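Remarks on the overall topology
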Amino acid sequence: MGREMGMADHYQCPHKVSIPPSKPFFKVLKSSMKETFFPDDPFRNLKNQSVGKKILLGLQYYIPILEWAPRYTFSFFKADLIAGITIASLAVPQGISYANLANLPPIMGLYSSFVPPLVYAMLGSSKDLAVGTVAVGSLLIAAMLGKEVSPTENPKLYVQLAMTATFFAGAFQASLGLLRLGFVVDFLSHATIVGFMSGAALVVCLQQLKGILGLVHFTHETDLVSVMRSIFSQTHQWRWESGVLGCCFLFFLMLTKYFSKRRAAFFWINALAPLTSVILGSVLVFLTHAEKHGVQVIGNLKKGLNPPSISELAFGSPHLTLAIKTGIVTGIIGLAEGVAVGRSFAIFKNYHIDGNKEMIAFGMMNIAGSCTSCYLTAGPFSRSAVNFNAGCKTAVSNIVMATAVMITLLFLTPLFHYTPLVVLSSIIAIAMIGLIDYETAIHLWKLDKLDFVVCIAAFLGVVFASVEIGLVVAVTISLLRLLLFLARPRTFILGNIPNSMIYRNIDQYPIANNVPGILILQIDAPIYFANSNYLRERISRWIYEEEFKLKSSGETSLQYIVLDLSSVGSIDTSGISMLEETKKTADRKGLKLVLANPRSEVIKKLEKSKFIETMGQEWIYLTVGEAVAACNFLLHTSKPNGAAAAELNRQDDNV
């Protein structure tokens, strides 16, 4: 090995690996914090501006309407007016339906489609998101609050807790946005959301059998077994009148949905279908007096705008912990759905929405809503899709929708007295069928089996246990998967692409050739305490397997181990210890450890830890190609012919 050291001095390395100069600790910390919390550099426009301009730009950043309102045109207003009226026709029946799903007074669904959209129009960054109540959030409120407080036995406390949960949902959402902690929501992976939403949608659909069959008493549980038991244990209470009416409206809504899917220009048919169903159902009940024959109706709806409800928030209630827990869970789900919907439509129109701004907007509209008799609101996909298809240009469509709902609250609420609950159940059921995304589940199965497992776990957890358990199971599996990737990073053997200096994974490129006497390994992850032991053992096993293979085939024995560190972005002290132990293991076997392309952070830490001094700067190369060239130079200069070299190596192995 001493001879090799001497030979290394004669090899002229074309490019030397440089060690970047050290930076002050606080400068590094500041840079790291900026990348963590401000990756988009939101205040870059404030540089080199006057104080007045900075204040204006700051206000425009946090209140986006101040930025785009001066450029607003009449042609934009015409498009937003049509879109706003269209989504209002959907918002009124959906608002009443989802409030009913949450076991809240139906009027709260209309309240929630008035104040929150106005707040979002000022603070939101999405042009297409239509704000309102959501089915999954409504189900969560009913499931979580209903376990401790009965909406029928203690309706006032139940409503107070629902508004209190909404306040905490808003506070949590706004805090995430203000503290730039939006990445927390990213722990809900796409597979998790698909499985969770599909499971919740199926549960919601099954629960609508209560309204369609005209049942009065029904389970508060959300799992499939409890719901089906509740339905089939009350067969003697099924009302055929309600069932026939429900089937008719289900058929009508499915038919309109089918026609709107066949031709995009007919989207308005599907958008107007819920309101049309409400009108037809109300007229039919009024003319036939069906409410006297087992068809349940909404009854009186209070006329007037949202009453203040700050004094109704139950901060002193013994159930405050439940309200906080419900608020945080529903807040996360509302954010995940709303931001995902907003981003998907932003991609179609080629503009960007700021996730942290959206969190602030969602939080402020829910805080404002909780103080004005509203419950949880988000950005439902169905309403946003209608808004997008109707040709909206800005968030003014939400203002138009809120104005239409305001007119409804002031003058039209008595008209909903005879609206049958079976129509509301039909509207919810059809809306939820669209959320059962089996096509994406099939796609996940073909693309990534582990993602499919996460998706199915969330789905089964919601359907057979509860909404909360399904969410916890899915998030737990997602986190375990993340930890598995960190703790068990991939390592590859690299080979040379013929007639080039390129080295690639031999499994991906079968034409890549192994280099005689040299084992080239690539580590595909940062090296931390969580994976350092695994990597040490895995590298040792690669060495053992390579030596065994070479002995069996009688080829040139192994002399060099080249570690490609190009994918290792960072390393901690445990990782450095792993490299030191790997070097010692290699030395004991008579092998030489060579490093290729260490990144900036890695080489700095290796230099500070004296590892480079111990190893020798001459064994660190800029590329794998240069490292292999140096090793080949040493192999050919220290061993005059291949046969003698093989013989010497065999003797060394025997010793």
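Our structure's up above, just so we're on the same page.
Values in this document were obtained by computation on a predicted structure and should not be read as measured data.

Helix and strand content of the chain: 28 helices and six strands. Relative to the compact-globule value of 26 Å for 655 residues, the chain shows a C-alpha radius of gyration of 32 Å, a clear excess of over 25%. Each of the three principal axes of the chain carries a C-alpha extent, and together these read 105 × 65 × 55 Å. Scored against the burial criterion, the 655 residues of the chain give a buried share of 51%.

What the rule picks out here adds up to twelve salt bridges. Across the pair Glu67 and Arg71 runs a salt bridge, and its minimum N-O distance is 2.8 Å. For Glu67, a relative accessible area of 34% corresponds to the partly exposed category. A salt bridge links Lys583 to Asp587, with the nearest nitrogen and oxygen atoms 2.9 Å apart. Of this pair, Lys583 and Asp587 both sit in helix H24 (residues 573-588), four residues apart, which is roughly one turn of the helix. Among the residues examined, Asp587 registers a relative accessible area of 37% and is labelled partly exposed. Counted as one network, the salt bridges with shared partners bring together Asp448, Asp451 and Arg481.

Helix H21 (residues 449-464) packs onto helix H20 (residues 438-447) with a crossing angle of 145° between their chain directions and a minimal axis gap of 6 Å. Residue-level inspection shows Ala441, Leu444, Trp445, Lys446 and Leu447 of H20 in contact with H21, the latter providing Lys449, Asp451, Phe452 and Cys455. Considered class by class, the residues forming the contact of H20 with H21 number six nonpolar, no polar and three charged.

This part takes up the packing of aromatic side chains. Using the criterion set out here, one finds 18 aromatic pairs in the structure. Considering the side-chain rings of Phe74 and Phe77, the 6.4 Å spacing of their centres and the 35° angle between planes classify their relative orientation as tilted. Of this pair, Phe74 and Phe77 both sit in helix H5 (residues 74-101), three residues apart, roughly one helical turn. Of the residues examined, Phe74 reaches a relative accessible area of 59% and is grouped as exposed.

You will see that Asn499, though not glycine, has its phi angle at about 60°, which is positive. Tracing the backbone through its elements, the reader meets Asn499 in the loop between strand S1 (491-496) and strand S2 (503-505). The phi dihedral of Lys610 is positive, around 70°, even though this residue is not glycine. Looking at the element boundaries, Lys610 is found in the loop between helix H25 (600-608) and helix H26 (611-615).

Conventions and cut-offs
Residues numbered from 1 in each chain as written. Predicted model: local features only at pLDDT ≥ 70, side-chain atom pairs only at ≥ 80, totals over all residues. Heavy atoms only, no water. Helix = DSSP H or I, 4+ residues; strand = E, 2+ residues; numbered from the N terminus. Rg over C-alpha atoms; globule rule 2.2 N^0.38 Å. Buried < 20%, exposed > 50% of the residue type's maximum accessible area, 1.4 Å probe, protein only. Salt bridge = Lys/Arg side-chain N within 4 Å of Asp/Glu carboxyl O. Axes fitted to C-alpha atoms, helices over the stretch in contact; angles between N-to-C directions. Contact = heavy atoms within 4.5 Å. Nonpolar A, V, L, I, M, F, W, Y, C, P; charged D, E, K, R; others polar. Phe/Tyr/Trp six-rings, centres within 6.5 Å; stacked < 30°, edge-to-face > 60°.

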